[in-house]
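Each chain, written out:
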Amino acid sequence: MFLIDTHCHLDAPEFKGNQKECVERAVAKEVKMMVIPSVCEDNFSSVIELSQSNRHCAFALGIHPLYVNQSSVDDLNHLKDLILVCQKEAKPLVALGEIGLDYYVKGIDQQKQVFYFTQQLEIACQNQLPVILHVRGAIDDVIKHLRQYPLNGGIAHAFNGSLQQAKQLIDLGFKLGFGGAMTYTRAHKIRSLAKTLPLESIVLETDAPDIRPSWVPKTTPNEPSNLKEIAKNLAVIRGINISQVADITTKNALEILPLLAKLFTPSEVLL
Ligand SMILES: [Zn+2]
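Everything quoted here is computed from the prediction, not taken from an experiment. (Residues numbered from 1 in each chain as written. Predicted model: local features only at pLDDT ≥ 70, side-chain atom pairs only at ≥ 80, totals over all residues. Heavy atoms only, no water.)

## A look at the packing of aromatic side chains
Scanning the model with the defined rule gives two aromatic pairs in all. Their ring planes at 90° and their centres at 5.1 Å tell us that F2 and F264 sit as a pair that is edge-to-face. Of this pair, F2 sits in the segment before strand 1 (3-5) while F264 sits in the loop between helix 10 (258-261) and helix 11 (266-270); the two residues are 262 residues apart in sequence, bridging distant segments of the chain. Each member of the pair, F2 as well as F264, carries the same accessibility label: buried. (Phe/Tyr/Trp six-rings, centres within 6.5 Å; stacked < 30°, edge-to-face > 60°. Helix = DSSP H or I, 4+ residues; strand = E, 2+ residues; numbered from the N terminus. Buried < 20%, exposed > 50% of the residue type's maximum accessible area, 1.4 Å probe, protein only.)

Here it is, written out as structure tokens:
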């Protein structure tokens, strides 16, 4: 089995000094690839270093909507330059992200968020990179902006919208990220989406150290090794077996993040 955690923040303080063990625990549970998105200029170098020091990790670069207040236009220029350097040096950069809009958290100027989001959509187009989206309380606005750019698709991480919004994103070439939230039996809306959306549109993620699955105590950070149990939950929700979930969601992740596929030989993925 070959599972991919398409979204985890291994550079978070919760994992400090323990990242190697954390990756080893994940690999022992067949989570053989982890994508680490950045959130602002401050952590660009740490996600790059982590991915370079571990063959089971890849990264994305971008400015998260909740970090726009501490970002500047210089950071966007740095992002552009860094993408070129990473591509030239064949670093495992697989997407632009995480980027998006978050209208749920108050106090972050929406116009400023839109500026950083659309600038980065432009950068994604210029570099033909898929995007990893963070969207909260703003799906319709995000979809409106996505329509303006000839993008290579991407992943709507921690998707929590309606069936209709899911279909619009799928039509725009996006996969939807599902993780710990669907492991709570009372999460009817997300579980019903996980059950009814085409399996071809779903990718798995932990969002570690956040979005703890139901069995992880509040005092323990979520980590990528939990992805196998999350995959099992999806298998139960859909009435199929876990190896089918692993095969299809991994295929989906490699299809939407083609640079990730290049980091492994096809035979490794088949194992
Ligand atoms: Zn995230």
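## Looking at the sheet that holds strand 7 (residues 174-178)
One open sheet holds the eight strands; their spatial order is 1-2-3-4-5-6-7-8, and the pairing between them is parallel. At either end of the open sheet lies a strand with only one pairing partner, and these are strand 1 and strand 8 (202-204). Pairwise comparison of adjacent strand axes, ignoring direction, gives a mean angle of 30° for this sheet. Across three bridges, the pairing between strand 1 and strand 2 (residues 31-37) is parallel. Considered in strand 2, the bridge of D5 is made with M34. (Pairing = 2+ DSSP bridges. Axes fitted to C-alpha atoms, helices over the stretch in contact; angles between N-to-C directions.)

## Focus on the coordination of the zinc ion
Summarising the metal site, the zinc ion is bound by the protein donors H7 (NE2), H9 (NE2) and E98 (OE), whose distances to it range over 2.0 to 2.1 Å. Mapping the donors of the zinc ion onto the primary sequence gives the spacing H-x1-H-x88-E. Placement of the pair is H7 in the loop between strand 1 and helix 1 (19-28) and E98 in strand 4 (residues 93-102), with a sequence separation of 91 residues. Take H7 and E98: they sit in the same class, and that class is buried. (Donors = N, O, S within 2.8 Å, 3.2 Å for Na, K, Ca; no water.)

## Details of the nonpolar core
Ranked by internal contacts, the top residues of the largest apolar core, which has 72 residues, are L10, L61, L133 and F178. Of all hydrophobic cores here, the second largest spans 17 residues; its members include V35, I155, A253 and I256. (Core = buried A, V, L, I, M, F, W, Y, C linked by side-chain atoms within 4.5 Å.)

## Looking at unusual backbone geometry
The omega torsion of the bond from G97 to E98 falls at 5°, within 30 degrees of zero and hence cis. Backbone torsion omega between A208 and P209 reads 10°, so that peptide bond is classified as cis. Examined against the element boundaries, P209 turns out to sit in the loop between strand 8 and helix 8 (227-238). The phi dihedral of Q128 is positive, around 50°, even though this residue is not glycine.

## Observations regarding the pairing of strand 7
Among the five residues of strand 7, five are classified as buried, and the element is accordingly described as predominantly covered. Burial of the side chains of strand 7 extends over both faces: F174, L176 and F178 are buried on one face and K175 and G177 on the other. As paired strands, strand 6 (residues 154-157) and strand 7 are joined by three bridges and run parallel to one another. Note that in strand 7 the partner of A156 across the bridge is L176. Running through helix 6 (residues 163-171), the crossover from strand 6 to the neighbouring parallel element strand 7 is right-handed. In the sheet, strand 7 pairs with strand 8 via three bridges, with the strands oriented parallel. Each residue of the ladder has a partner; that of F178, found in strand 8, is L204. Remark: the strand 7/helix 7 (residues 188-196)/strand 8 crossover connection has right-handed handedness. (Right-handed = clockwise from strand over helix to strand, strands pointing away.)

## Some words on helix 1
When we look at burial in helix 1, the residues that qualify are C22, V23 and A26. Within helix 1, the buried residues cover an arc of 95° as seen down the axis, which keeps them to one side. Facing away from the buried surface of helix 1 by more than 90 degrees, the exposed residues are K20 and A28. Among the structural elements, strand 2 and strand 3 (57-61) are those in contact with the buried residues of helix 1. (Arc of directions from axis to C-beta. Contact = heavy atoms within 4.5 Å.)

## Section: the pattern of salt bridges
Evaluation of the coordinates by the stated rule reveals eight salt bridges. For the salt bridge of E255 with K175, the shortest nitrogen-to-oxygen distance reads 3.2 Å. A residue pair is termed long-range when its members are at least 10 positions apart, and E255 in helix 9 (residues 242-256) and K175 in strand 7 qualify at 80 residues. (Salt bridge = Lys/Arg side-chain N within 4 Å of Asp/Glu carboxyl O.)

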